Amino acid sequence: MAFLPGGELESEAALAQELEALVPQVDQAREGFETAQRKRRLAEQQRDEALALQRQFEARDALAADKARHLEQRAEVDNSQARLAQSTHAQALRPQKVALDQAQQALATAHDEQRQANAALITRHFHAEQAQQALETACQQQAELPVMRERHRQLGEFIQKSQQLSELQEHFQTAQAVWQQADEALKRDEQQLDGIRQQGEAIGVHLERLQSEFQQLASAPAELTRHHHLLALRQELDELTQRHQALTTQQLQAKNALSHQQGETKRAERYATEQEMRWHQGQAALLALTLEQDAPCPVCGSLEHPAPAINRAELVTQAQVEEARAAQEQARQALQRAERHHHQLTQQIDSHAEQAQRLNQQLGEWVSQPLSALQNAYEDLRRQVQRREQVDAEIRQQTEARDALRREWGTLDKQLKAQRPEVEKAKERALRLESQRDQLSQSLPEDARYPEAMRQTLAELEQHIAQLEKAWESAQQALSTSQTQLARAEEQLRGANERVERSEQSLQQAHAEWQSALQASPFADEAEYQAAQLNDAQRHELTHRVEAYQRRLAELEGALENYQTQLAEKTPPDLAALTAQAESAQAQENSQLESWRQLDGRLTTLQNIHQKLTAAHASQAELEAQYQLWGTLSEVANGRTGHRISLQRFVLGVLLDDVLIQASERLVRMSRGRYQLVRREDPSKGNKASGLELDVADTYTGKNRPVATLSGGESFMAALSLALGLSDVVQAYAGGIQLDTLFIDEGFGSLDQDALDQAIAMLSELQMSGRMIGIISHVSELKEQMPVRIEVSASRHGSSVEVKGALS
């Protein structure tokens, strides 16, 4: 059995003999451990009591030192109390000070209103004088109305007589306007043509400047990309530094947690061991109760029972033992998690350090520069890239504008050539009409030659008469309005003067009350009053500071008095001696525990081996029955029976048969019906696996022989057939995949002329079916049959490539 060597046993009889001898040794070791455990608990209790006393002495000394430091703040607290008292006196004067400030503000407001009223009165006086002058001017103009009305009557008579001359003048003006417009349009177009030429020259100069600037900014995008990458690296480095600091803090916390968990795990392990020992003691006591005289012991088989176990303590149940072991396991798992967490943090810190070193190398000189410098450099480059894009857009815009100007210049030049004859015709007609008008005008009085002008003069005269009448009415209304506004401004000034007098009286009264209150206060002058002012936040802060000082002083004095009472008749303990005594007791307990654990572990191991032996004997028969089925399947799948063909080679053989069917169709045609490819079915000799060997079927001899017996040309035809067959099978199995291109490298030189023709015919059929066939060869006969080819010629100056033929 495999269990016996694991327990260092030779036989099952040796197992039973060692079990019988080991039981009393375990009981004796347990008793030694319990004695050492009681001594250790007593020593730890004495050490803990001494440690508590030592901490009380230390706490008393610390309180005394805190009180001494706290008393050093007494002067500052007294100063704060004095400032609070001064602030209280200042608060009592606040109403008189507020009243004085309000009176001063009211007087300043009244003076502002007085100045505004004075300015308004001056403005209203000026407007009234202007209105009076306007009325006098309107009265003078009224005297001209009779003369204007007489002139109006004469113009009406002349208009009727000069109608004919006006019509002729109108025709002349129309013709003259047409001539002038045509001449102006011609000059304007000529100027525009010259302007287009000047614009073209200016655009050319501007384009040269833009292209020069564009060349200077050519490297800006690449530099921007590089600086963008550097900026990302620098930001990543800064974030990495922050994470490294956070991880360092977490690592320190994880280390402290790991130390604490180690202590918790040791305590849980010690408690579980104690519970298990107490359970074993209880089991021995319970078993002792069932012993009978002259009846064999269920453990050792003895008929005599000289010293049965006695229950000296409260019995521990199996559930309590399992609960203690579960708590021990939880503590152990928590310890493992703490160790893993600490290890992960250490790995992360190392990884961050490596990343930081890599980033420092990539950043180069920018590592020592501040981040703002790199950001400024990046922003400068970004502005250069934006300027480059603007220059590029402006170049395109200016180029398009120059092309548009060229087109406009051509159109305008054609238009000018057509305009010049039309201008000459308009000039001749205008001169002719002018001559006719002059002849008619000489036959009429001078004033009656221009009816339209007279109508215009008549209309202007009527309008002027209406304006004079309206100006007279407006001047009268404006004078009345200005006089009303002047009276109102004078009334406002009187009210402002009265408010100034009342504000001055209020200010004098408020100032007297303030001086009286200030003299009655503890302040010598207004400067001391201002210095004593405190806002709510300052007053609250000083009050809180004084109360906190007094409260803390009371707490320290009370706590110190309490410790003095407790330690009045006590002396500091010898903590080092008690600690050494507890450690010695702990070492003795650990020694006894290890001895008992080894013996108990050995007993548990032997009992487990005994149980496993019983279970193994029961399951061995069932396993032997199952092996008859699964062992046979394993031998068949691995090819250890029959023809020694494994399952994998069997499946590959089926796929190879499909390939050989397609390949043989082409090989039969290329060999003119002589050869076919077949799979060898005879098993191989010895232990060699079989099922994938190839033979060639020779119809001339009627026998199969190995493919190694084929000649060079025949081997090439067989290999070509296999390649083409494999491509057909791959396309059939892959479902949608097409192998549209095949390249064949060399091998044609080993074929005779007849075999070469057959191979070329086979490849031509593939090419006609839609595939592209590429042949790499030195055979000159192939050149004549290839419609398109690439010839490579070598010389001492190098190789040259030439494409011959063309695709249809």
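Just above, that's the structure.
Counting starts from 1 at the beginning of each chain's written sequence and moves along it residue by residue. Two thresholds apply to this predicted model, a pLDDT of at least 70 for residue-level local features and 80 or more for giving and counting side-chain atom pairs, whereas whole-chain, interface and lining totals are computed over all residues. Hydrogens are left out, water is left out, and the side-chain values use all remaining heavy atoms of the structure.

Peer 1: So what exactly am I meant to see when it comes to the packing of aromatic side chains here?
Peer 2: Two aromatic rings are characterised by how far apart their centres lie and by the angle between their planes. Between rings of Phe, Tyr and Trp, where Trp is taken as its six-membered ring, a pair exists when centres lie within 6.5 Å; planes separated by under 30 degrees are stacked, by over 60 edge-to-face, and by other angles tilted. Applying the stated criterion to the full structure yields one aromatic pair. Ring centres of Phe-33 and Trp-596 lie 5.9 Å apart, and the angle between their planes is 15°; this geometry places the pair in the stacked category. Linking Phe-33 in helix 2 (residues 12-71) with Trp-596 in helix 13 (residues 575-637), this pair joins segments that are 563 residues apart in sequence. Accessibility here uses a 1.4 Å probe with only protein chains present; expressed as a share of the type maximum, an area under 20% marks a residue as buried, one over 50% as exposed, and anything in between as partly exposed. The class for Phe-33 is buried, based on a relative accessible area of 0%. Starting at the N terminus, helices and strands are each numbered in turn, a helix being any DSSP run of H or I of at least four residues and a strand any DSSP run of E of at least two.

Peer 1: Quick question: what am I supposed to make of the nonpolar core here?
Peer 2: Taken as a class, soluble globular proteins show a tendency for nonpolar side chains to be buried jointly. Among buried residues, those of type Ala, Val, Leu, Ile, Met, Phe, Trp, Tyr and Cys that are joined through side-chain atoms within 4.5 Å constitute a nonpolar core. Counting residues in hydrophobic clusters, the biggest one holds 25 residues, and the most contacted among them are Leu-667, Met-670, Met-717, Leu-720 and Leu-751. For this core, the secondary-structure elements that each account for two or more residues are helix 14 (647-670), strand 1 (675-679), helix 15 (712-734), strand 4 (741-745) and helix 16 (753-768). Examining the composition of this core, we find that six residues originate from one element, helix 16, more than from any other. Excluding residues within four positions of it along the chain, Met-717 makes contact with Leu-667, Met-670, Leu-751 and Ala-755. Counting 16 residues, the second-largest nonpolar core is a separate cluster that includes Leu-230, Trp-366, Tyr-378 and Leu-381. Any two residues having at least one pair of non-hydrogen atoms within 4.5 Å are treated as being in contact.

Peer 1: How should the environment of Met-148 be read in this particular structure?
Peer 2: Relative to the helices and strands, Met-148 resides in helix 5 (residues 145-161). On the basis of relative accessible area, Met-148 is assigned to the buried category, the value being 12%. On a C-alpha basis, the gap between Met-148 and Glu-462 in space is 8.6 Å, while along the polypeptide they are 314 residues apart. Ignoring sequence-local partners within four residues, the contact set of Met-148 consists of Leu-461, His-464, Ile-465 and Leu-468.

Peer 1: Can you help me understand unusual backbone geometry in this one?
Peer 2: Backbone geometry follows two general trends: most residues other than glycine have a negative phi, and most peptide bonds adopt the trans configuration. With a phi angle near 55°, Arg-672 is a residue other than glycine that sits in the positive phi range. Within the element layout of this structure, Arg-672 appears in the loop between helix 14 and strand 1.

Peer 1: What is the right way to look at the sheet that holds strand 1 in this model?
Peer 2: What links the strands of a sheet is backbone hydrogen bonding, and the strands pair in either a parallel or an antiparallel sense. Pairing between strands is defined by DSSP: at least two bridges between the two strands are required. Ordered by their spatial adjacency, three strands build an open sheet running 1-2-3, and the pairing between neighbours is antiparallel. Of all strands in the sheet, those with a lone pairing partner are strand 1 and strand 3 (703-706), marking the two edges. Adjacent strand axes in the sheet meet at a mean angle of 35°, parallel and antiparallel pairs treated alike. Examined bridge by bridge, strand 2 (residues 694-698) and strand 3 share four bridges and lie antiparallel to one another. Paired with Val-696 across the two strands is Arg-705, which belongs to strand 3. Sheet contacts for helix 14: strand 1 and strand 2; angle to strand 1, the most-contacted strand, approximately 175°. To define axes, lines are fitted to C-alpha atoms, for helices over the stretch in contact only, and angles between the resulting N-to-C directions are given on a 0 to 180 degree scale.

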